[in-house]
Amino acid sequence: MPDSTVPPAPRRTRRKEARPAEVIEAARALFIERGYAATKVEDVARRAGVSVGLPYLYFENKAGLFKAVVRVTLLPQVALGEDMLRSYTGPTADLLRRVARGFLETMDSPVGGIPKLVIAEAHAFPDIARFYAEEVVARGRAFFAAILTRGIERGEFRPVNVPHTARILAAPLSMLCIWSHSLAPFDETAGTTPEGYIDAYLDVVLAGLAVPGSAPLPSVGKTDPP
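First, a word on scope: everything that follows refers to the structure included in this document. Keep in mind the model is a prediction, meaning the values are calculated, not measured. (Residues numbered from 1 in each chain as written. Predicted model: local features only at pLDDT ≥ 70, side-chain atom pairs only at ≥ 80, totals over all residues. Heavy atoms only, no water.)

**Structural notes on the packing of helix α9 (residues 162-180) against helix α10 (residues 194-209)**
Then comes step 1: Closest axis-to-axis distance for the α9/α10 pair is 11 Å, and the angle between their directions is 175 degrees. When the interaxial angle is binned, α9 and α10 end up roughly antiparallel. Facing Thr-165, Leu-169, Pro-172, Leu-173, Met-175 and Leu-176 of α9, the residues of α10 in contact are Pro-194, Tyr-197, Ile-198, Tyr-201, Val-205 and Leu-209.
Then comes step 2: Grouping the amino acids of the contact of α9 with α10 by side-chain chemistry returns eleven nonpolar, one polar and no charged. (Axes fitted to C-alpha atoms, helices over the stretch in contact; angles between N-to-C directions. Helix = DSSP H or I, 4+ residues; strand = E, 2+ residues; numbered from the N terminus. Parallel < 35°, antiparallel > 145°, perpendicular 65-115°, else oblique. Contact = heavy atoms within 4.5 Å. Nonpolar A, V, L, I, M, F, W, Y, C, P; charged D, E, K, R; others polar.)

Shown next, in the form of C-alpha cells:
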C-alpha cells in the first residue's frame, strides 16, 4: 500500500518562514550583550546565520529591528498580566502577589536585560527611548493602575492617588530587573536575595494599601506556595 502520510514541508520553506524569528532572537542576544549602539545589523545577520542583507527584507533599519525585539519578547509578558487581570476573581492583594513574584522569572530571562539597555542608551537614542516609554512603560503603568483601581473599588485597598501609586508599584520591580543585569554580580551584601526583595516589597506595598482599621494585608497569601 502506498504511504498516505503527508510529507514534511521542504526545508527551504520552513527555513524561510522561520527567518524573521531567528533574526529577532539573534538581535535580542546581541543588543543585550553589546548594547544598542555597538550592535550592527550585519552582526545580527551573521549571528542568525543568514545573509547580511536579509534582515532588511523584514525590518527597515536597526531601530525597526529593536522595536520588533521589544514587541516580540517583552510586550507578550505585559499581555499575559493583562489577561490575568481580566480573568482573576480572587482578592486583589493575591493578584498583586502573583504579579510581583512573576517578575522573578522575568528577571532571570533575557527579557530582563532590555530595560537596562534602554536606560543606558536613552540619551544617545531618544527615538528608541520614546518608543519604549510609549509602548512598554505607559502600558505597564496602566496595568498597575488597573490593579489599584480594582482593589479600591472592591474596598480592599484604601483610596490613593492611582497614577502616582502605579508608578511607585512599577519602579521597584523594574529596578530589580535592571540590577540583576548590571550590578548584581558585584553586590556582596549578605542576606539579600531577589526572593527576599520581593517579599519586602510586598510587605511595604500591602501595608500601605491596607484600609485603615482593617486587618493588615499579609505579604504572603493563600495562593503562594508553602
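**Details of the packing of aromatic side chains**
Then comes step 1: A full pass over the atoms with the stated rule returns six aromatic pairs.
Then comes step 2: Measuring from centroid to centroid gives 4.7 Å for Tyr-36 and Phe-125, while their planes differ by 75 degrees, and the two rings are edge-to-face. Of this pair, Tyr-36 sits in the loop between α1 (11-34) and α2 (41-48) while Phe-125 sits in the loop between α7 (113-121) and α8 (126-153), and the two are 89 residues apart along the sequence.
Then comes step 3: Summarising the aromatic geometry, the rings of Phe-143 and Phe-144 are spaced 5.5 Å apart at their centres and angled 65 degrees between planes, so their arrangement reads as edge-to-face. With respect to class, Phe-143 is no different from Phe-144; both count as buried.
Then comes step 4: Through a chain of ring-to-ring contacts, three or more aromatic side chains come together here, namely Phe-31, Tyr-36, Phe-66 and Phe-125.
Then comes step 5: Cation over ring: Lys-62 sits above Tyr-36, and NZ or CZ is 4.4 Å from the ring centre. (Phe/Tyr/Trp six-rings, centres within 6.5 Å; stacked < 30°, edge-to-face > 60°. Buried < 20%, exposed > 50% of the residue type's maximum accessible area, 1.4 Å probe, protein only. Lys NZ or Arg CZ within 6 Å of the ring centre and 35° of its normal.)

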